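Fold and contact review
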Amino acid sequence: MSLSGTQSFREQAGTFMPLVPVIALFVAWQAAATYLSDPLLLPKVTTVFGEFWQMAVVERSLETHVIASLVRISLGFSLAVVVGVVIGLLMGMRDWAESLFDPVITFGYPIPKIAFYPVLLIVFGLGHLPKLLLVFFECLVPIIIGGYYGVKSVDKNYVWSAQNFGASERRVFFDVMLPASMPYIFSGVR
């Protein structure tokens, strides 16, 4: 009987084990905030949850902010997909486009995009546009790279076969190159 009681306690304790790191994080956060005693540098956990409660339940303004953020994310991402796919495919098909865009991408890729945010704030001011552009720039390069490598990975025999059967450049693009590039494009979009 005592063995089954021990097993039950172990099973119950096992269900709470994933919460231990989260609770430890909150305790460490509260302790650090109390030690620093500067609420602008690191607010206390209780203050953060109090403000969350105020925005979510009392004022009901949290939904407005969440929706505004989702709209910015959706617009920035959608714009990056359209522009990135076009530039990536163009770079893969045309040498002049590759020589035009490759130095910019090579220079800008390793720079964290959040570093551009102060510049965007200075140029465009406060509001939605700098945040939207930050999402756009963050998503743009992987999509361009996916489109570029997608076109470069197309087997030349497929292109030559389509051309030998009399396919125009437009048909070769839409019937051969674009479908063959889609896995790379979707990988960049992901």
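Everything below is about the structure printed above this text.
First, a word on scope: everything that follows refers to the structure included in this document. This one's a predicted model, so the numbers in the text were calculated from it and none came from an experiment.

Turning next to the packing of aromatic side chains. Using the criterion set out here, one finds five aromatic pairs in the structure. Relative to phenylalanine 49, the ring of phenylalanine 26 has its centre 5.5 Å away and its plane inclined at 75°; by these criteria the two rings are edge-to-face. Separated by 23 residues along the polypeptide, phenylalanine 26 in helix H2 (residues 19–36) and phenylalanine 49 in helix H3 (residues 45–58) bring together distant segments of the chain. A relative accessible area of 29% places phenylalanine 26 in the partly exposed class. Between phenylalanine 173 and phenylalanine 174, the ring centres sit 4.9 Å apart and the planes meet at 80°, which makes this aromatic pair edge-to-face.

Moving on: unusual backbone geometry. Backbone geometry places arginine 60, a non-glycine residue, at a positive phi of 55°. On the secondary structure map, arginine 60 appears in the loop between H3 and helix H4 (62–93).

The next thing to look at is the nonpolar core. With 23 residues, the main nonpolar core has Leu89, Met91, Ile144, Val159 and Met177 as its most contacted residues. Here the element with the most residues in this core is helix H7 (residues 128–152); it accounts for nine residues. With sequence-adjacent residues up to four places away left out, methionine 177 is seen in contact with Met93, Val151, Val154, Val159 and Val172.

Turning our eyes to something else, we now look at the packing of H4 against H7. Two elements in contact, H4 and H7, have axes whose closest approach is 6 Å; the angle formed by their N-to-C orientations is 30°. Judged on the interaxial angle alone, H7 and H4 are roughly parallel. Between H4 and H7 lies a crossing of right-handed hand. Each residue belonging to the contact of H4 with H7 can be placed in one class, and the counts come to 22 nonpolar, six polar and three charged.

With that settled, the discussion passes to a nonpolar patch on the surface. Taken together, the side chains of Val119, Ile122, Val123, Phe124 and Leu129 define a hydrophobic patch exposed on the protein surface, amounting to about 500 Å² of accessible area. By residue number, the principal contributor to the nonpolar patch is helix H6 (residues 117–124), which donates four residues. By secondary structure assignment, the location of leucine 129 is in helix H7. A residue is classified by how much of its surface remains accessible, and leucine 129, at 41% relative accessible area, is partly exposed.

The next thing to look at is the side chain of serine 181. Within the fold, serine 181 resides in helix H9 (residues 169–189). Here the side chain of serine 181 touches methionine 177 through a polar contact of 2.6 Å, landing on its backbone oxygen. If near-sequence neighbours (up to four positions away) are discounted, serine 181 is found in contact with Leu89, Gly150, Val151 and Val154.

Let's shift gears to the layout of surface pockets. Of the volumes computed, that of the largest pocket is approximately 320 Å³. Along the walls of the largest pocket sit 15 residues, with Val104, Gly108, Phe137, Leu140 and Val141 positioned nearest its centre. Going through the elements one at a time, helix H5 (95–108), H6 and H7 are the ones with two or more residues in the lining of the largest pocket. It is H5 that provides the largest number of residues to the lining of the largest pocket, a total of five residues. Considering only residue class, the lining of the largest pocket consists of 13 nonpolar, one polar and one charged. Of the voids in this model, the second largest pocket is the one considered here, and its volume is about 230 Å³. Lining the second largest pocket are 14 residues; nearest its centre among them are Val159, Gln163, Glu169, Val172 and Met177. Grouping the constituent residues of the lining of the second largest pocket by class yields eight nonpolar, three polar and three charged.

Rules of the game
Residues numbered from 1 in each chain as written. Predicted model: local features only at pLDDT ≥ 70, side-chain atom pairs only at ≥ 80, totals over all residues. Heavy atoms only, no water. Phe/Tyr/Trp six-rings, centres within 6.5 Å; stacked < 30°, edge-to-face > 60°. Helix = DSSP H or I, 4+ residues; strand = E, 2+ residues; numbered from the N terminus. Buried < 20%, exposed > 50% of the residue type's maximum accessible area, 1.4 Å probe, protein only. Core = buried A, V, L, I, M, F, W, Y, C linked by side-chain atoms within 4.5 Å. Contact = heavy atoms within 4.5 Å. Axes fitted to C-alpha atoms, helices over the stretch in contact; angles between N-to-C directions. Parallel < 35°, antiparallel > 145°, perpendicular 65-115°, else oblique. Left-handed = near helix turned anticlockwise from the far one by under 90°. Nonpolar A, V, L, I, M, F, W, Y, C, P; charged D, E, K, R; others polar. Patch = residues over 30% accessible without salt bridge, like charges linked within 9 Å, V, L, I, M, F, W, Y side chains within 5 Å. Areas by Shrake-Rupley, 256 points an atom, 1.4 Å probe, with all protein chains shown as cover. Salt bridge = Lys/Arg side-chain N within 4 Å of Asp/Glu carboxyl O. Polar contact = N/O pair within 3.5 Å; in protein donor to acceptor, adjacent residues only side chain to side chain. 1 Å grid on protein atoms, 1.4 Å probe; cavity = no way out; pocket = protein on both sides within 12 Å on 5 of 7 lines; lining within 4 Å. Points joined across faces, edges and corners; volume = space filled by probe spheres on them.

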